[in-house]
Amino acid sequence: MKYMLIMQTNPNIWDALPEEERNEVMSGHGAFLKTIQESGEMISTHALADPANSASVRRHDGVPAVTDGPFAEAKEYMGGYYLVDCESRERAIELALQIPDTRINGLGIEVRPVMFSAGSDM
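This write-up is about the structure you can find in this document.

Calculation notes
Residues numbered from 1 in each chain as written. Predicted model: local features only at pLDDT ≥ 70, side-chain atom pairs only at ≥ 80, totals over all residues. Heavy atoms only, no water. Helix = DSSP H or I, 4+ residues; strand = E, 2+ residues; numbered from the N terminus. Contact = heavy atoms within 4.5 Å. Salt bridge = Lys/Arg side-chain N within 4 Å of Asp/Glu carboxyl O. Buried < 20%, exposed > 50% of the residue type's maximum accessible area, 1.4 Å probe, protein only. Expected span 1.5 Å × (residues − 1). Arc of directions from axis to C-beta. Pairing = 2+ DSSP bridges. Axes fitted to C-alpha atoms, helices over the stretch in contact; angles between N-to-C directions.

Concerning the side chain of His29
And step 1. For His29, the position within the fold is in helix α2 (residues 19-38).
And step 2. Setting aside anything within four residues of it in sequence, one finds His29 in contact with Met7, Tyr82, Ile99, Pro100 and Asp101.

Listed below in structure tokens is the structure:
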């Protein structure tokens, strides 16, 4: 089963961390990547730019409307994700707990099952 391990970040919490602790989290992602690559559970991973760099696209009465910024204002936002293929929800949660962000109060990983996949790497 495929799961998206969504890294939820909060810039206020991240910015308040000492540089050493931020560096530990970032380097910890390398170790996590190695773990899921070696286990054969990794499909892909992507880090996302700050929501301030995004655009939201909608339609209002059939007319396209494009606005700068995120779809919804929030303290937390999706900072990136790992897409994994593992045997169970329990294993996906086990993997999520290995992501170094979970060691920081206020940061977390959302574990969400993938319902449909398409594309060249699927």
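Focus: the pattern of salt bridges
And step 1. A full pass over the atoms with the stated rule returns 4 salt bridges.
And step 2. Among the salt bridges present, the one from Lys34 reaches Glu38, with a minimum N-O distance of 3.9 Å. Of this pair, Lys34 and Glu38 are both found in helix α2, 4 residues apart, which corresponds to roughly one turn of the helix.
And step 3. Taking relative accessible area as the criterion, Glu38 reaches 62% and is therefore assigned exposed.
And step 4. Here Arg91 ties to Glu41 by a salt bridge, and the two come within 2.8 Å at their closest N and O atoms. One end of the pair, Arg91, is in helix α3 (residues 89-98); the other, Glu41, is in the loop between α2 and β2 (42-47), with 50 residues separating them in the sequence.

Re α2
And step 1. End to end, α2 covers 29 Å across 20 residues, agreeing with the expected 28 Å (1.5 Å per residue, within 8%).
And step 2. Every buried residue belonging to α2 is among Val25, Gly28, His29, Phe32 and Ile36, and all of these are buried. End-on, the buried residues of α2 take up no more than an arc of 120°, which puts them together on one face. The outward face of α2, more than 90 degrees from its buried face, is lined by the exposed residues Glu19, Glu20, Met26, Ser27, Gln37 and Glu38.
And step 3. For α2, the elements touching its buried residues are β1 (2-9), α1 (11-16), β2, β5 (77-85) and α3.
And step 4. Gly40 occupies a position one or two residues after α2 and carries a positive phi of about 80°.

Details of the sheet that holds β2
Within a sheet, neighbouring strands are paired by backbone hydrogen bonds and run either parallel or antiparallel to one another.
And step 1. Spatially, β2-β5-β1-β6 is the arrangement adopted by the 4 strands of the open sheet, whose pairing is antiparallel. In this open sheet, the two strands that pair with only one neighbour each are β2 and β6 (108-113). Looking at each pair of strands side by side, their axes are set apart by 20° on average, direction ignored.
And step 2. By the bridge criterion, 8 bridges tie β1 to β5 in an arrangement that is antiparallel. Along β5, the bridge assignment pairs Tyr3 with Val84.
And step 3. α2 contacts β1, β2 and β5 of the sheet and is inclined by roughly 25° relative to β5.
And step 4. Docked against the sheet, α3 engages β1, β5 and β6, running at close to 35° with respect to β1.

Fair warning: the whole summary comes from geometry, so function is off the table for now.
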